[in-house]
Amino acid sequence: MENYNFKKKLIILNKKNVALIGHMGSGKSILGQTIAKKLNINHIDTDLEISNFENSTINDIFLSKGESYFRDLESKIVTKSLDQNNIVLSLGGGSILNKQIRDKLKSNSITVFLDVNLNELNKRLTHSHKRPLLKNTNIFSKLKKLDTQRRKYYLKADIRIHNINSINESYLNFIEIFSKLNDKNNKN
Ligand code: S3P
């Protein structure tokens, strides 16, 4: 797919952008970067925006200011970012818990749920030190708990991709489904 066709498709679908959602470790950042590079469009990683805004890591924001401070900032930064046109966004895993974000996603974005099973996520996240919610806890149990709260929202996405093989495969999968979406209310 070319840049021109991507933009044209968004106009047909009456949407501004494409937003990747899903659990921590599901590959939202890397797939977002890949889509942006291949289609020559801009990419926003909302966690990176939050980090830059605070001049701090996500870990340190949780530690020094607390999760609710982070969630408020996330709400502001994500809803603002979702107003941009013709971009791909990688959202933090918990952003869909916020009603304002969910409403904005529904009206502005083609949402893509990167679905990865919890065993695989557990493996990928075991050595991650970037996730405050996974510190000093049993990662699998925590993921299970988060999944119970979040999966119902993830499943509302327009597109669902099992991001378990190569990123290129997931990219091609995304393009195939995205190019076949044909009206604003259509679900694949
Ligand atoms: C979170 C996911 C993280 C980050 C923060 C909280 C969550 O983003 O926003 O640590 O609640 O699932 P990633 O999904 O990019 O890891």
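From a predicted model like this one, the values you see are computed outputs, not experimental measurements.

Colleague: Residues and numbers for the layout of surface pockets, please.
Modeller: What the largest pocket holds in volume is close to 690 Å³. What lines the largest pocket is a set of 32 residues, among which Ser-29, Asp-45, Asp-47, Lys-130 and Arg-131 lie closest to the centre. Going through the elements one at a time, α2 (28–39), α3 (46–54), α4 (58–65) and α5 (67–81) are the ones with two or more residues in the lining of the largest pocket. For the lining of the largest pocket, the class distribution of residues is ten nonpolar, 13 polar and nine charged.

Colleague: Lay out the site of the ligand in plain terms, naming residues and giving numbers.
Modeller: Taken together, 13 residues surround the ligand, and among them Lys-28, Asp-47, Arg-71, Gly-93 and Arg-150 come closest. Arg-131 is positioned with one of its side-chain polar atoms (N or O) 2.9 Å from an oxygen atom of the ligand. One of the side-chain N or O atoms of Arg-150 is found 2.7 Å from an oxygen atom in the ligand. Contact with the protein chains removes 94% of the 390 Å² of surface that the ligand exposes when unbound. Each residue belonging to the shell around the ligand can be placed in one class, and the counts come to five nonpolar, three polar and five charged.

Colleague: Which residues make up the pattern of salt bridges, and what values go with them?
Modeller: Within the structure shown, the criterion is met by eleven salt bridges. With a shortest N-O distance of 2.9 Å, Asp-83 and Lys-104 are connected by a salt bridge. Within this pair, whereas Asp-83 is found in the loop between α5 and β3 (87–90), its partner Lys-104 is found in helix α6 (residues 99–108), the two being separated by 21 residues in sequence. Relative accessible area serves as the criterion here: at 21%, Lys-104 is assigned to the partly exposed category.

Colleague: Provide a residue-level description of the packing of helix α1 (residues 3–13) against helix α9 (residues 167–180), including the pertinent values.
Modeller: Relative orientation of the contacting elements α1 and α9 amounts to 45°, with a least axis distance of 10 Å. The angle between α1 and α9 falls in the class oblique. Taken as a pair, α1 and α9 cross one another with a handedness that is left-handed. Along the contact surface, α1 presents Phe-6, Lys-9, Leu-10 and Leu-13, while α9 presents Phe-178, Ser-179 and Lys-180. Looking at the contact of α1 with α9, its residues break down into four nonpolar, one polar and two charged.

Colleague: For the side chain of Ser-109, give the residues involved together with the corresponding values.
Modeller: The residue Ser-109 is located in strand β4 (residues 109–115) in this model. A polar contact is formed between the side chain of Ser-109 and the side chain of Asn-17, at a distance of 2.7 Å. Setting aside its immediate chain neighbours within four residues, Ser-109 contacts Lys-15, Asn-17, Ala-19, Leu-82, Lys-104 and Asp-158.

Colleague: Break down the sheet that holds β3 for me, with residues and values.
Modeller: Strands pair in a sheet through their backbones, by hydrogen bonds, and they do so in one of two ways: parallel or antiparallel. Read from one edge of the open sheet, five strands run β2-β3-β1-β4-β5, paired in parallel fashion. Only two strands of the sheet have a single neighbouring strand rather than two, namely β2 (42–45) and β5 (159–162). Each neighbouring strand pair of the sheet contributes to a mean axis angle of 20°, computed without reference to strand direction. Inspection of the sheet shows β2 paired to β3 by four bridges, in the parallel sense. Its bridge partner lying in β3, Asp-45 is registered against Ser-90. Where α9 meets the sheet, it contacts β1 (17–21), β4 and β5, and its direction lies at approximately 160° from that of β5.

Colleague: For the packing of aromatic side chains, give the residues involved together with the corresponding values.
Modeller: For the coordinates displayed, the defined rule picks out four aromatic pairs. Between Phe-6 and Phe-178, the ring centres sit 5.4 Å apart and the planes meet at 35°, which makes this aromatic pair tilted. Residue Phe-6 is located in helix α1, and its partner Phe-178 is located in helix α9; the two are separated by 172 residues in the primary sequence. Here Phe-174 and Phe-178 contribute two aromatic rings whose centre-to-centre distance is 5.3 Å and whose plane-to-plane angle is 20°, an arrangement assigned as stacked. In this pair, Phe-174 and Phe-178 both sit in helix α9, four residues apart, roughly one turn of the helix. Residue Phe-174 shares its accessibility class with Phe-178, and that shared class is buried. Among the aromatic residues, those joined into a cluster by ring pairs are Phe-6, Phe-174 and Phe-178. The ring of Tyr-153 is capped by Arg-102, whose NZ or CZ atom sits 4.1 Å from the centre of that ring.

Quick notes on the rules
- Throughout, residues of each chain are indexed from 1 in the direction in which the sequence is written.
- With the structure being a predicted model, the display of local features is reserved for residues of pLDDT at least 70 and the display and counting of side-chain atom pairs for 80 or more, all residues being used for whole-chain, interface and lining totals.
- Side-chain numbers here rest on the full set of heavy atoms in the structure, without hydrogens or water.
- Cavity means a closed set of points on a 1 Å grid over the protein atoms alone, one where a 1.4 Å probe fits but cannot get out, pocket means an open set with protein on both sides within 12 Å along at least 5 of 7 lines, and lining means a residue has an atom within 4 Å of a point.
- Grid points are joined across faces, edges and corners, and a volume is the space filled by probe spheres set on the points.
- Starting at the N terminus, helices and strands are each numbered in turn, a helix being any DSSP run of H or I of at least four residues and a strand any DSSP run of E of at least two.
- Throughout, the ten residues Ala, Val, Leu, Ile, Met, Phe, Trp, Tyr, Cys and Pro are labelled nonpolar, Asp, Glu, Lys and Arg are labelled charged, and all others, Gly among them, are labelled polar.
- Residue proximity to a molecule or strand is established when one non-hydrogen atom of the residue lies within 4 Å of it.
- Under this definition, polar contacts are N or O atom pairs within 3.5 Å; protein pairs additionally need one hydrogen-donor-capable and one acceptor-capable atom, and for neighbouring residues in sequence, both atoms have to be side-chain atoms.
- Areas reported as accessible are Shrake-Rupley estimates using a 1.4 Å probe. Residue values count occlusion only from the protein chains shown.
- One side-chain nitrogen of Lys or Arg within 4 Å of one carboxyl oxygen of Asp or Glu is enough to make a salt bridge.
- Summary of the burial criterion: residues with accessible area below 20% of their type's maximum are buried, those above 50% are exposed, and those between are partly exposed, where the area comes from a 1.4 Å probe applied to protein chains only.
- Working convention: axes come from line fits to C-alpha atoms, limited for helices to the stretch in contact. Angles between N-to-C directions cover 0 to 180 degrees.
- In these notes the angle categories are as follows: under 35 degrees is roughly parallel, over 145 is roughly antiparallel, 65 to 115 is roughly perpendicular, and the rest is oblique.
- Each crossing is labelled by how the near helix is turned from the far one, with a counterclockwise turn of less than a right angle marking it left-handed and a clockwise turn marking it right-handed.
- Contacts are assigned to residue pairs with any non-hydrogen atoms lying within 4.5 Å of each other.
- Only strands joined by at least two bridges in the DSSP assignment are considered to pair.
- In summary, the pairing rule links any two rings of Phe, Tyr or Trp, Trp by its six-membered ring, whose centres are within 6.5 Å, and it sorts them by plane angle into stacked for under 30 degrees, edge-to-face for over 60 and tilted for everything else.
- Charges are assigned to positions over rings by a cutoff of 6 Å between ring centre and Lys NZ or Arg CZ, combined with an angular limit of 35 degrees from the ring normal.

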